[in-house]
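# A closer look at the structure
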Amino acid sequence: MYRLYEFSSSGNCYKLRLAMAQLGVPFERVEKDITRGETRSDDFLAINPNGRIPVLVTPDGRTLPESNAALCYLARDSQLMPTDAFEQAQVLQWMFFEQYNHEPNIATSRYWLHVLGEPEKYADGLKEKQQKGHEALAVMERHLQAVPFFVGGRYSIADIALYAYTHVADQGGLLATELSGNQGVVGASKSTAGLCWYAGLKARSSGWVLHGKAAGVTPCREGITDSDGGSGA
Ligand SMILES: N[C@@H](CCC(=O)N[C@@H](CS)C(=O)NCC(=O)O)C(=O)O
């Protein structure tokens, strides 16, 4: 069975829970509290020298850090990865965008505000992160004007990678008119294309939550379903 070392409110970890649930891949979870430095112990550094979660452990015991690398591995030969070589490269294009332009800004804003709850301490950096986060959301919105999903007209791990922190962007103080995970903000958005994508992904992830309940896993944020909760980091 796969094992996932994770912090349950991390969007990077949520990507892998979502993909494995949608692929019907059983997995066990090992929680590491990043706010207590649990990924920086000698034991954990032996698993990932970069001292971060998520880390996916394959059934034969190999370890794979980096959420998007693990997504690529899980999605191989599945409906979540296109078969065409050019479209596979486009999946990587959007996953690199996610890691360079989207996640470092939106996830960090959310970590400072929502997980650590220290807006004053991070006030200076926060403004710039939020601005760059808005810019990333605007890039997504522009692309989605023309297509229903990020690559090849079909749902793929590119969508999963970008949905993970978009659906909790409001927790990072990003009151985007472009895209946002907050229903209230979504309702106020002028972005039809972005909202269609967001609504479609939200519906798919709700399906995951049902599956997830059976597997004993939780979603990334509160309110995705009725009672399953989730701590949302
Ligand atoms: N590029 C990595 C980012 C991993 C990452 O930054 N993980 C954070 C939580 S989302 C972490 O483990 N932070 C704890 C630390 O840096 O000590 C990925 O996509 O997996």
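Residues numbered from 1 in each chain as written. Predicted model: local features only at pLDDT ≥ 70, side-chain atom pairs only at ≥ 80, totals over all residues.

### As for the overall build of the protein chain
The line we're drawing: Only DSSP runs of H or I covering at least 4 residues are called helices, and only runs of E covering at least 2 are called strands; the numbering of each starts at the N terminus. Exposed residues have 12 or fewer other C-beta atoms within 10 Å of their own C-beta, buried residues have 20 or more, and partly exposed residues fall in between, where C-beta atoms are placed from the backbone. Whether two residues are in contact is decided by their C-beta atoms, placed from the backbone, lying within 7 Å.
Across its full length, the protein chain carries 8 helices and 4 strands. Reading the helices (α) and strands (β) of the protein chain from amino to carboxyl end gives β-α-β-α-β-β-α-α-α-α-α-α. Going through the 233 residues of the protein chain one by one, you find that 43% of them count as buried. In the protein chain, the proportion of contacts linking residues at least 24 apart, taken out of those at least 6 apart, comes to 62%.

### Points about the site of the ligand
To keep it simple, the criterion reads: Only the C-beta atom matters for this test: placed from the backbone, it must lie within 6 Å of a molecule or strand for the residue to be near it. Any residue that is not Ala, Val, Leu, Ile, Met, Phe, Trp, Tyr, Cys, Pro, Asp, Glu, Lys or Arg is counted as polar, Gly included; the first ten are nonpolar and the last four charged.
The local shell around the ligand holds 14 residues, among which Ser 10, Asn 12, Ile 34, Arg 52 and Ser 67 are the closest. Tallied by class, residues from the shell around the ligand come to 4 nonpolar, 7 polar and 3 charged.

### What to know about the confidence of the model for the protein chain
Applied cut-off: As a per-residue measure, pLDDT reflects the predictor's confidence and takes values from 0 up to 100.
Mean pLDDT over the protein chain works out to 82, with 77% of the residues at or above the 70 mark. In the model, residues 180-191 has pLDDT below 50 throughout and makes 26 contacts with residues more than four positions away in sequence or in other chains. Segment residues 222-233 is flagged for pLDDT under 50; beyond a separation of four residues in sequence, or across chains, it makes 36 contacts in the model.

### Observations regarding helix 4 (residues 85-115)
Quick reminder of the rule: Expected helix span is given by 1.5 Å per residue-to-residue step, counting one fewer step than there are residues. Note on bend: the value at a residue is the angle between axes fitted to the seven residues ending there and to the seven starting there.
Helix length check: helix 4, at 31 residues, gives a terminal C-alpha distance of 39 Å against a target of 45 Å (1.5 Å per residue), a shortfall beyond 12%. A maximum bend of about 50 degrees is found in helix 4 at His 102, where proline Pro 104 lies one to four positions downstream. Looking at the residues trailing helix 4, positive phi occurs at Gly 117, about 65 degrees.

### Some points on the sheet that holds strand 2 (residues 27-31)
For the record, the criterion: Two strands make a pair as long as DSSP finds a minimum of two bridges between them. For helices, the axis comes from a line fit to the C-alpha atoms of the stretch in contact; other axes are also lines fit to C-alpha atoms, and the angle between any two N-to-C directions lies between 0 and 180 degrees.
Read from one edge of the open sheet, 4 strands run 2-1-3-4, paired in mixed fashion. At either end of the open sheet lies a strand with only one pairing partner, and these are strand 2 and strand 4 (63-65). Taken pair by pair, the neighbouring strands of this sheet meet at an average axis angle of 20 degrees, ignoring direction. In this sheet, strand 2 lies alongside strand 1 (residues 2-6) in parallel orientation, the contact comprising 5 bridges. Within strand 2, the position partnered with Glu 6 by the bridge is Glu 31. Lying over the sheet, helix 1 (residues 11-23) contacts strand 1, strand 2 and strand 3 (55-57), oriented at roughly 155 degrees with respect to strand 1.

### Examining the nonpolar core
Across soluble globular proteins, you tend to see nonpolar side chains buried next to one another. Applicable threshold: Structurally, a nonpolar core is described as a collection of buried Ala, Val, Leu, Ile, Met, Phe, Trp, Tyr and Cys residues joined by way of C-beta atoms within 7 Å. Residue ranges labeled as domains rest on an automatic or database domain assignment.
Counting residues in hydrophobic clusters, the biggest one holds 47 residues, and the most contacted among them are Ala 19, Leu 71, Ile 157, Ala 158 and Ala 161. Looking at this core, the elements with two or more residues in it are strand 1, helix 1, strand 3, helix 3 (67-75), helix 4, helix 5 (123-144), helix 6 (157-166) and helix 8 (192-215). Residues lining this core come from more than one domain, with at least three contributed by each of domain 1 (2-79) and domain 2 (85-208). Those residues within four positions of Ala 161 in sequence are excluded, and the remaining contacts are Lys 15, Asn 68, Leu 71, Trp 94, Met 95 and Glu 98.

### Thoughts on unusual backbone geometry
In the segment running from Ile 53 into Pro 54, the intervening peptide bond is cis, with an omega of 5 degrees. Along the chain, the position of Pro 54 falls in the loop between helix 2 (42-47) and strand 3. Even without being a glycine, Glu 66 presents a positive backbone phi close to 75 degrees. Its location among the elements puts Glu 66 in the loop between strand 4 and helix 3. With a phi close to 55 degrees, Asp 77 is a non-glycine residue in the positive phi region.

### Observations regarding the packing of helix 1 against helix 6
For the record, the criterion: Should an angle fall under 35 degrees it is taken as roughly parallel, and over 145 as roughly antiparallel, whereas 65 to 115 is taken as roughly perpendicular and any remaining angle as oblique. Crossing handedness: left-handed means the near helix sits turned counterclockwise from the far one by under a right angle, and right-handed means the same turn made clockwise.
Packing of helix 1 against helix 6 leaves a shortest axis separation of 8 Å and a crossing angle of 140 degrees. Viewed along their axes, helix 1 and helix 6 adopt a mutual orientation that is oblique. The handedness of the crossing between helix 1 and helix 6 comes out as right-handed. Of helix 6, the residues touching helix 1 (which contributes Gly 11, Asn 12, Tyr 14, Lys 15, Leu 18 and Ala 19) are Ile 157, Ile 160, Ala 161, Ala 164 and Tyr 165. Class assignment of the residues belonging to the contact of helix 1 with helix 6 gives a composition of 8 nonpolar, 2 polar and 1 charged.

### A closer look at the packing of helix 3 against helix 6
Following both chains from N to C, one finds helix 3 and helix 6 inclined at 145 degrees, their axes separated by 10 Å at the closest point. For the crossing formed where helix 3 meets helix 6, the hand is right-handed. Counting all contacts with helix 3, which are made through Asn 68, Leu 71, Cys 72 and Ala 75, the residues of helix 6 involved are Ile 157, Ile 160 and Ala 161. Here the residues of the contact of helix 3 with helix 6 sort into 6 nonpolar, 1 polar and no charged.

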